[in-house]
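# A structural walkthrough
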Amino acid sequence: EKEALKVLVNAKSISTDGHEVELAGNIGGIKDVEGVLKNGGEGVGLFRTEFLYMDSDHFPTEDEQFEAYKAVLEGMGGKKVVVRTLDIGGDKKLKYFTFPEEMNPFLGYRAIRLCLDRTDIFRTQLRALIRASVYGKLCIMFPMIATVQEFCDAKAIYEEEKANLIKEGVAVADNIEVGMMVEIPAAAVLADQFAKYADFFSIGTNDLIQYSMAADRMSEHVSYLYQPYNPAVLRLVKMTIDGAHKEGKWAGMCGAMAGEEYAAPILLGLGLDEFSMSATQILKARKIINSLSKKEMEEVAAEALNKQTADEVLAFVKEKLAK
Ligand code: PEP
Ligand code: MG
């Protein structure tokens, strides 16, 4: 089977009725770039930069980060690279930084919340990213955005650092996109408003499911509630994609759901533009996408969203695919 998939490495990701999507890879650093390319990735849909911070004994300097981002952008040879700004906190801690004591760290001081408070840390990362932008096609996205204000505040800091660098005579790409993760239900519900400001969305289903179902994604005791196919989750995904498209923006997904065999038909039907997953899942996903009709999947998705349970959705999709 592996051999059979290899012919798809340089193929397009395109439905039987001609609708093209993008299949990208999730990476944690430069070491993962080769795998994405070897497996036919059309870009990087999520670069989790927290590993740069977690693998260090100090906050990585602007130059250290610049080298890392440059290497990834060059490694991808001009293909799109979506870099997520620091998503630390929750379960992800640093040896050299003390987080406040909180009852619920997953609902607390983390990700963009921390960055908007410690703008020194945030500005260093943004400067490194903007400097690296001339080495490829850079998209920057902010994690855990809950309000339009947060997005606009983060974007304003980005604009300030971009202007500073230009004033300093540093070369800066003029096609950097600035978007956000949609992984908090409030952002999904209000996606049409966020889309007025963000250049793109990337849906983080790992957290979106956790927060929608109020079920800790790490806890085996409530894992039965971790339901990607729950119609409530699917409706939030639909709202996000529709919100983006209403403003002419693109919507991707970088949570684990993007690589799931039975999610692909629904996501294609809902109009998802970009699917980002582990490198090893890309070719299989391409094979599935290339076997489906977008038009038919629109009907499948519409019906799936009217089911009552995740089990009903899954059974329905399996039945449709068997035909
Ligand atoms: C997500 O939340 O779906 C996601 C892609 O980010 P992470 O798994 O790093 O929280
Ligand atoms: Mg997340």
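Residues numbered from 1 in each chain as written. Chains lettered and ligands numbered in written order. Predicted model: local features only at pLDDT ≥ 70, side-chain atom pairs only at ≥ 80, totals over all residues.

Our next topic: the overall build of the chain. Broken down by element type, the chain carries 15 helices and nine strands. Overall, the C-alpha framework of the chain stretches about 60 × 45 × 35 Å when taken along its three principal axes. By the burial criterion, 46% of the 323 residues in the chain qualify as buried. For the chain, long-range pairs separated by at least 24 residues make up 70% of all intrachain contacts whose partners lie at least 6 apart in sequence. (Helix = DSSP H or I, 4+ residues; strand = E, 2+ residues; numbered from the N terminus. Buried ≥ 20, exposed ≤ 12 C-beta atoms within 10 Å, placed from the backbone. Contact = placed C-beta atoms within 7 Å.)

Lining the immediate environment of ligand 1, one finds Leu 46, Arg 48, Asp 87, Glu 183, Gly 204, Thr 205, Asn 206, Asp 207, Cys 254 and Gly 255. Listed by contribution, the elements that provide at least two residues to the shell around ligand 1 are β3 (43-48) and α10 (205-213). Residue contributions to the shell around ligand 1 peak at three residues, all from α10. (Near = placed C-beta within 6 Å.)

Considering the arrangement of structural elements, one finds Met 253 in strand β8 (residues 250-253). Classification of Met 253 as buried rests on a count of 30 C-beta atoms within 10 Å. Taking the C-alpha atoms as reference points, Met 253 and His 58, 195 residues apart in sequence, are found 31 Å from one another. Among all residues touching Met 253, those that are not within four sequence positions of it are Ser 202, Ile 203, Thr 205, Ala 258, Leu 267, Leu 272, Phe 275 and Ser 276.

The end-to-end C-alpha separation of helix α11 (residues 231-246) is 22 Å, in line with the 22 Å expected for 16 residues at 1.5 Å each. Taken as a whole, α11 has its buried residues at Val 233, Leu 234, Leu 236, Val 237, Lys 238, Thr 240, Ile 241, Gly 243 and Ala 244. At the C-terminal side of α11, Gly 248 shows a positive phi close to 75°. (Expected span 1.5 Å × (residues − 1).)

With that settled, the discussion passes to the environment of Met 103. Turning to its location among the elements, Met 103 is positioned in the loop between β4 (80-84) and α5 (111-117). Note on Met 103: 6 C-beta atoms within 10 Å, which makes it exposed. With 19 residues separating them along the chain, Met 103 and Arg 84 place their C-alpha atoms 26 Å apart.

Turning to the confidence of the model for the chain, a few remarks are in order. On average, residues of the chain carry a pLDDT of 97, and 100% of them reach 70 or more. Listed scores for the predicted complex are pTM 0.97 and ipTM 0.99. (pLDDT = per-residue confidence, 0-100.)

Non-glycine residue Ala 111 carries a positive phi angle of around 50°. Of note, Ala 111 is situated in helix α5. Positive phi values are uncommon outside glycine, yet Ala 214 reaches one of about 50°. In this structure, Ala 214 sits in the loop between α10 and α11. Under the C-beta neighbour-count criterion, Ala 214 is labelled exposed, with 8 such atoms within 10 Å.

Each α-helix winds once per 3.6 residues, and so residues spaced three or four apart point in a common direction. Between its first and last C-alpha atoms helix α7 (residues 148-167) spans 28 Å; for 20 residues at 1.5 Å apiece the expected length is 28 Å, and the two agree. Taken residue by residue, α7 has Glu 150, Phe 151, Ala 154, Tyr 158, Glu 161 and Lys 162 as its buried positions. Looking straight down α7, one finds that the buried residues subtend no more than 105° of arc, so they occupy a single side. α7 presents Gln 149, Ala 156, Glu 159, Ala 163, Ile 166 and Lys 167 as exposed residues on the side facing more than 90 degrees away from its buried surface. Summarising the contacts, the buried residues of α7 are in contact with α5, α6 (119-132), β5 (137-142), β6 (177-182) and α9 (191-194). Backbone geometry just downstream of α7 places Gly 169 in the positive-phi region, at approximately 85°. (Arc of directions from axis to C-beta.)

Turning to the nonpolar core, a few remarks are in order. If you look at the biggest cluster of nonpolar residues, it comprises 94 residues, and the most contacted ones within it are Val 81 and Met 180. What Met 180 contacts, discounting residues up to four positions off in sequence, is Met 141, Phe 142, Ile 145, Phe 151, Phe 194, Ala 198 and Phe 201. (Core = buried A, V, L, I, M, F, W, Y, C linked by C-beta atoms within 7 Å.)

So, about the packing of helix α14 (residues 294-304) against helix α15 (residues 310-322). It is at 10 Å that the axes of α14 and α15 come closest, and there the two elements cross at 160°. Considered as vectors, α14 and α15 are oriented roughly antiparallel to each other. Handedness of the crossing formed by α14 with α15: right-handed. Residue-level inspection shows Val 300, Glu 303 and Ala 304 of α14 in contact with α15, the latter providing Val 313, Phe 316, Val 317 and Lys 320. Per-class residue counts for the contact of α14 with α15 are five nonpolar, no polar and two charged. (Axes fitted to C-alpha atoms, helices over the stretch in contact; angles between N-to-C directions. Parallel < 35°, antiparallel > 145°, perpendicular 65-115°, else oblique. Left-handed = near helix turned anticlockwise from the far one by under 90°. Nonpolar A, V, L, I, M, F, W, Y, C, P; charged D, E, K, R; others polar.)

With that settled, the discussion passes to the pairing of β4. Of all five residues in β4, five are buried, a share of seventy percent or more. Taking every second residue as pointing to the same face, both faces of β4 are buried, with Lys 80, Val 82 and Arg 84 on one and Val 81 and Val 83 on the other. Examined bridge by bridge, β3 and β4 share four bridges and lie parallel to one another. Within the sheet, the bridge partner assigned to Gly 43 lies in β4 and is Lys 80. With five bridges joining them, β4 and β5 adopt parallel strand pairing. Bridged to Arg 84 within β5 is Met 141. (Pairing = 2+ DSSP bridges.)

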